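Listed here are the chains, written in short residue letters.
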Amino acid sequence: MRFRILGPTQVVLADGREIPVGGPRLRALLALLLLDAGRVVSAGRLIDGLYGEHPPRGAANALQSQVSRLRQALSAEHDPVEFHPAGYRLAVDPDDVDAYRFERLAGEGRRALVNGDWTRAAAVLREALELWRGPALADAVGAAGTPAQAARLDELRLAAIEDRVEADLALGAQSALIAELREMVVAHPLRERARGQLMRALAALGRPAEALAEFEDARHTLAEQLGVDPSAELAAVHLAVLRGAERGPAEPVLPSQLTTFVGREEELRRVGELLGERRLVTFTGPGGAGKTRLAIEAAGRVDGEVRFVELAGLADGSDVPQAVLSALGLRGAGLRAPAEPGWQTTDRLVEALAERRLLLVLDNCEHVLVDAARLAARLLSACPALRVLATSREPLGLPGEALCPLSGLSLPPLGASAPDVDDYAAVGLFAQRAADVSPDFTVTPANVEMVLRICRSLDGLPLAIELAAARLRALPVTEVAARLDDRFRLLSTGNRAASPRHRTLRAVVGWSWDLLDDAERKVARRLTVFAGGATLEAAERVCGLPTAEFVDALTGLVDKSFVELTGGRYRMLETVRAFCAERLAEAGEADQLRRAHTAYFLEFAWTASDHLRCAEQLHWLRLLDAERDNLHAALRRATAAGDASDAAGMVAALSFYWWLRGMRGEGARLAADVLELLDNEAPPGMGEEFALCVYNASLAGVGHLPTVGTQSSVIRSLDRAPRQPFLLYLSGISTGPPSGGAEDVDELMGELRRLVGSDPWINALGAMGSGSALMWSDQWDRARIALTTALDGFRSTGDRWGTMITLGALGELAAWQGDAGTAGAHMDEAMGLVEALGSAVDQADMLRTRGEIRLRAGDLAAAHDDFAGSLLLAQRSGAPEFVASARLGLAQVARVRGDLAAARRFGEEALAGGLTGWYVGEAARAEIVRVLEEITEAEKAGAPPSAGGA
């Protein structure tokens, strides 16, 4: 299928037949999904787009209904709409969407234009523009966010028209362009490029008076509407007409490149815009990021004269002015006598450039930074038509300097397949350079994981990727990927024609290291203990330097591109980190820094855990998410070092976080490693931590585990309030509640209150446990009272998780009593909370619960969708009891529909899951066995039961 949104929304089959999509809202939904073709669009964004700031009650259900209608419209054979935990995805090739195809073709045409291939540029740009059938996103014009997208696409269309006109002008088609350009100028009187193109076409046809009249009209329009004069570019066209010559731009003097340029389109666009607005632009970034190559590429796309100055070979900063003079092809003395007092090379440069329109590229400024900055400042202040594009590992630090930071090339997301990775620059560069040394090399499904490992391990750094690709002369790609732990030895052979600092990976990083002072080196090597970056507070605490010295050193590392500051976090590229980690080991500080890192993050984990049961829950979840790599690294290091107290303490502190984020598998593996360190026995004073290790390990079915007794025995063994109150919940679902039902739960909670005092969260948890026990013993009125008490308690603390699961229980209770309205209201609120929490496991649980409610109400289609969604989420999250429960739900739906074969298949698949070893799993297993027995009876009887009896 082909999809069209550059005009009315359309879906067209390969044979040209159009598929009718439906009404305005359905076409708007399809347009919103097509804007992110191939990517997941959150349900919230779709609701905002379809219903605006004030969506109706039940908007989530309405969206589900709209998606179902869209699937029906596209037909089962071609249905590309996928459900995902975070929303919906239109699984189509972006090139099958006219907007994406247009952008790709427009970019290709622009590159052909820059490279002087006028014929190809004109043809490709015409193909791009023929995709337009009317205003972009015509059927979604009222949807939130689409006006900006439509305006962006329209701007790209105008730019593509101007590019195509430029190609046609170069091909001598001036006479055919006059009418089109006049229409363009009337429709867009402030677009100076089109106006200049019209002036050039008129002048080329021997009509200079009309061209000059166009300039006067432009000058009048700009002054009247904007209060500004024509741009320098339009003024240059005017001057050329006055002189009777329609001249092209001067040829830039730039180094020729032996290989193709890959990626960096966004950076090229940004620097092009900056050079049109600012007079000093600096590419900053670590060694090997491709600053020089990008500067050459960007300069080559600039209209006007360009001169390139290589500074890397200078031994002394005082040589910078002479290097610039040489690049300009000028003699130092000019027209004056060399011996004239006070005459300096810089003065000669000012005289030569005073009225010259020029882009000066100063490459590799970092080691002569002060002198390069001083010269740039002098020239920019004295030469108004001069622009400077610099490359440096740190900014020049001048007023008005616009920075364009560079890091690695774009990398595919995790889980990307071979066909999906070609559009990512890091992979494209590796594939091209690999093919240069091994002509048969291509990225295939068999090697894509190895290629992605290489590109990711090297942070997408162009030089590192090129060095790795060069190794394919002698090594298979699997060996290159396997040897990256010793990357500095592996990537030790490069381009012999390159400067020595660019021949090996170690030389690239070593060059930057040599430019650091002692304090900067100390901070750089100590930062390597962090995994996934660090906040300013964490970095300062762990590095252990006095505040003023630390801040100065960290600022210097950022300025010198040794450390990146992104999203409020300081991080190193892995290559830089590996180099600095070697320096940490050489300094003998590795163990000291490991202990400081563990101590900081153990304290952080406990602080965060206390905040997870209150109104600040979401904020602290985000903080924990940001530090997940550091927390798990600290836990693994403490375990490996035999620090049992720290390791078990970290498991205990992270237990509630792991549950809220559905990280059962990873948490279980980490907890199992700590249990092995503890030799499966609780050390003195660590009963709570030991129990939490056992419970976390048991939830994912990790091998044979020690027993810690019943929930009652665990609680009664405590001699102090549990530091991690979530222990109470984990003990209940792992070993089961007290055998006496609600009364024993109440008695146990009474004992706990005597131990810990009146804790609102623990009291709410106890009330929820009592209410659940009362539900299952059919004491529904008492259950509702207890669950309402729990709901009030959780709401008073601000805990969304507790509120959510209690609402789920109240929803089930209402459904059992035949109150579908109340059940639906409870579930709508619960689903909103689970979306805010972002927990896939809890979303699977709530979908399962809602599916059971809908099944009981006889809404089989909606119940099936809920169970299917629950199954997908549970499988991805590694929650075997919810996988089994979702399959059980699908079995129930199939049974009611009369499809007993499908019902049996789902039931047997549910029973095959790993559900043994803990209470909730055993309970789910017993329910599955019961339903399979009922399916057997139905098979014998040949008639399915009603939905209400499900």
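Residues numbered from 1 in each chain as written. Predicted model: local features only at pLDDT ≥ 70, side-chain atom pairs only at ≥ 80, totals over all residues. Heavy atoms only, no water.

Caption draft 1: Here's a closer look at the overall build of the protein. Looking only at helices and strands, the protein features 43 helices and 13 strands. Considering only contacts in the protein between residues 6 or more positions apart, those separated by 24 or more positions represent 69%. Carbon and sulfur atoms form 52% of the exposed surface of the protein, whose accessible area is close to 41200 Å². (Helix = DSSP H or I, 4+ residues; strand = E, 2+ residues; numbered from the N terminus. Contact = heavy atoms within 4.5 Å. Areas by Shrake-Rupley, 256 points an atom, 1.4 Å probe, with all protein chains shown as cover.)

Caption draft 2: Structural context of the sheet that holds strand β1 (residues 2-4). Pairing within the open sheet is antiparallel, and its three strands lie in the order β1-β2-β3. With one partner strand each, in any of the chains shown, β1 and β3 (18-19) form the two edges of the open sheet. Relative to β3, strand β2 (residues 10-12) runs antiparallel, the two being bridged by two bridges. Residue pairing in the sheet places Val11 in a bridge with Ile19 of β3. (Pairing = 2+ DSSP bridges.)

Caption draft 3: Focus on the environment of Leu833. Mapped onto the elements, Leu833 comes out in helix α38 (residues 820-837). In sequence terms Leu833 and Thr803 are 30 residues apart; their C-alpha atoms lie 8.1 Å from each other. Setting aside its immediate chain neighbours within four residues, Leu833 contacts Arg800, Thr803, Met804 and Leu807.

Caption draft 4: Fine view of the packing of aromatic side chains. Taken as a whole, this structure holds 16 aromatic pairs when the rule is applied. For the ring pair Phe530 and Phe601, a centre distance of 6.1 Å and an interplane angle of 80° mean the geometry is edge-to-face. Taken together, the residues span a long stretch of sequence, with Phe530 in the loop between α22 (518-526) and α23 (536-543) and Phe601 in helix α26 (residues 590-611) at a distance of 71 residues. For the pair Phe530 and Phe601, a shared accessibility class is recorded, and that class is buried. Taking 5.4 Å as the distance between ring centres and 80° as the angle between the ring planes, the aromatic pair formed by Phe656 and Trp801 counts as edge-to-face. In this pair, Phe656 is assigned in helix α29 (residues 644-660) and Trp801 in helix α37 (residues 800-816), connecting sequence segments 145 residues apart. You'll find Phe656 and Trp801 in the same group, each marked buried. Aromatic ring contacts, followed pair by pair, group Phe656, Trp659, Phe726, Tyr729, Trp761, Phe794 and Trp801 into a single cluster. Across the ring face of Phe579, the terminal group of Arg583 is positioned such that the distance to the ring centre comes to 4.5 Å. Its end group placed over the ring of Trp761, Arg613 keeps NZ or CZ at 5.7 Å from the ring centre. (Phe/Tyr/Trp six-rings, centres within 6.5 Å; stacked < 30°, edge-to-face > 60°. Buried < 20%, exposed > 50% of the residue type's maximum accessible area, 1.4 Å probe, protein only. Lys NZ or Arg CZ within 6 Å of the ring centre and 35° of its normal.)

Caption draft 5: Local environment of α29. Compared with an ideal rise of 1.5 Å per residue, which puts 17 residues at 24 Å, α29 spans 25 Å between its outermost C-alpha atoms and is within 8% of the ideal. The sharpest bend along α29 measures roughly 45° and falls at Leu654. Burial analysis of α29 places 14 of its 17 residues in the buried class, the great majority of the element. (Expected span 1.5 Å × (residues − 1). Bend = angle between axes of the 7 residues up to and from the residue.)

Caption draft 6: Layout of helix α17 (residues 448-457). For α17, every residue scored as buried is listed here: Val448, Val451, Leu452, Ile454 and Cys455. Seen from one end, α17 has its buried residues packed into an arc of 160°, which puts them on one side. Those residues of α17 that are buried are in contact with α16 (425-437), α18 (462-470) and α19 (477-482). (Arc of directions from axis to C-beta.)

Caption draft 7: Main features of the pattern of salt bridges. In the structure shown here, the tally under the stated rule is 59 salt bridges. Salt bridges sharing common partners tie together Asp95, Arg101, Arg104, Glu108, Arg120 and Glu127. (Salt bridge = Lys/Arg side-chain N within 4 Å of Asp/Glu carboxyl O.)

Caption draft 8: Region of interest: the pairing of strand β7 (residues 280-284). The element β7 is extensively covered by neighbouring structure, given that five of its five residues are classed as buried. Burial along β7 is two-sided: the face carrying Leu280, Thr282 and Thr284 and the face carrying Val281 and Phe283 are both buried. Of the strand pairs in this sheet, β7 and strand β10 (residues 386-392) are connected by five bridges, and their pairing is parallel. Each bridged residue has a counterpart across the sheet, and for Thr284 the counterpart in β10 is Ser392. Looking at chain direction, β7 and strand β11 (residues 402-405) are connected through four bridges and run parallel. What sits directly across from Thr284, in β11, is Pro405.

Caption draft 9: Spotlight on the sheet that holds β7. In space, the five strands of this open sheet follow the order β8-β9-β10-β7-β11, with parallel pairing throughout. Each of the sheet's edge strands pairs with one partner strand only, and the pair in question is β8 (305-310) and β11. When the angles between neighbouring strand axes are averaged without regard to direction, this sheet yields 15°. Running at roughly 175° to β11, helix α11 (residues 265-277) makes contact with β7, β9 (358-363), β10 and β11 of the sheet. Across the sheet, helix α12 (residues 291-300) touches β7, β8, β9 and β10, and the angle it forms with β10 is around 160°. (Axes fitted to C-alpha atoms, helices over the stretch in contact; angles between N-to-C directions.)

Caption draft 10: Region of the structure containing the side chain of Thr391. Residue placement: Thr391 occurs in strand β10. A relative accessible area of 1% means that Thr391 is categorised as buried. At 2.8 Å, the side chain of Thr391 forms a polar contact with the backbone nitrogen of Asn364. Every residue in contact with Thr391, bar those within four places of it in the chain, is listed here: Phe283, Lys291, Thr292, Ala295, Leu362, Asp363, Asn364, Cys365 and Glu366. (Polar contact = N/O pair within 3.5 Å; in protein donor to acceptor, adjacent residues only side chain to side chain.)

Caption draft 11: Expanded view of the confidence of the model for the protein. Scored by pLDDT, the protein comes out at a mean of 81, with 85% of its residues at no less than 70. In the model of the protein, helix α20 (residues 487-490) stands out as the element of lowest mean pLDDT, 57, in contrast to α26, which has the highest, 95. Across residues 331-343, where pLDDT falls below 50, the model places 14 contacts with residues more than four positions away in sequence or in other chains. Per-residue pLDDT stays below 50 along residues 494-503; that stretch engages in 20 contacts with residues further than four places along the chain or on separate chains. (pLDDT = per-residue confidence, 0-100.)

Caption draft 12: Examining the pairing of strand β5 (residues 81-84) more closely. One ladder, built from four bridges, connects β5 with strand β6 (residues 87-90); its direction is antiparallel. Bridged to Phe83 within β6 is Tyr88. Linkage of β5 to β6, two consecutive antiparallel strands, is achieved through a turn of two residues.

Caption draft 13: Structural view of the nonpolar core. In terms of nonpolar packing, the biggest core is built from 186 residues, with Phe430, Leu527, Phe562 and Trp801 touching the most fellow members. Sequence-distant contacts of Trp801, defined by excluding residues within four places in its chain, comprise Gln617, Phe656, Trp659, Leu660, Phe726, Tyr729, Trp761, Leu837 and Asp842. Ranked by size, the runner-up nonpolar core spans 67 residues in total, among them Leu34, Leu105, Ile161 and Leu177. (Core = buried A, V, L, I, M, F, W, Y, C linked by side-chain atoms within 4.5 Å.)

Caption draft 14: Geometry of a negative patch on the surface. A grouping of Asp517, Asp518, Glu549 and Asp552 is seen on the molecular surface, where their side chains present a negatively charged patch. Along the chain, the position of Glu549 falls in helix α24 (residues 547-559). We classify Glu549 as partly exposed; its relative accessible area is 34%. (Patch = residues over 30% accessible without salt bridge, like charges linked within 9 Å, V, L, I, M, F, W, Y side chains within 5 Å. Lys, Arg positive; Asp, Glu negative; His and termini not counted. Charge placed at Lys NZ, Arg CZ, Asp CG, Glu CD.)

Caption draft 15: Spotlight on unusual backbone geometry. The backbone of Leu137 sits at a positive phi, close to 55°, despite the residue not being glycine. Along the polypeptide, Leu137 turns up in the loop between α5 (118-129) and α6 (146-170).

Caption draft 16: Looking closely at a nonpolar patch on the surface. On the surface, a cluster of nonpolar side chains totalling about 230 Å² of accessible area is made up of Leu190, Leu226 and Val228. Along the polypeptide, Leu226 turns up in the loop between α9 (208-225) and α10 (232-242).

Caption draft 17: Representation of the environment of Val185 in the model. For Val185, the position within the fold is in helix α7 (residues 174-187). Placed ten residues apart in sequence, Val185 and Arg195 show a C-alpha to C-alpha distance of 6.1 Å. Not counting the four nearest positions on each side in its chain, Val185 is found in contact with Ala194, Arg195, Leu198 and Glu214.

Caption draft 18: Representation of the packing of α23 against α24. Here α23 crosses α24 at 120°, and the two axes come no closer than 11 Å. The angle between α23 and α24 falls in the class oblique. When the axes of α23 and α24 are compared, the crossing they make is right-handed. Side by side, α23 and α24 meet where Leu536, Ala539, Glu540 and Cys543 of the first sit next to Thr547, Phe550 and Leu554 of the second. For the contact of α23 with α24, the residue count by class is five nonpolar, one polar and one charged. (Parallel < 35°, antiparallel > 145°, perpendicular 65-115°, else oblique. Left-handed = near helix turned anticlockwise from the far one by under 90°. Nonpolar A, V, L, I, M, F, W, Y, C, P; charged D, E, K, R; others polar.)

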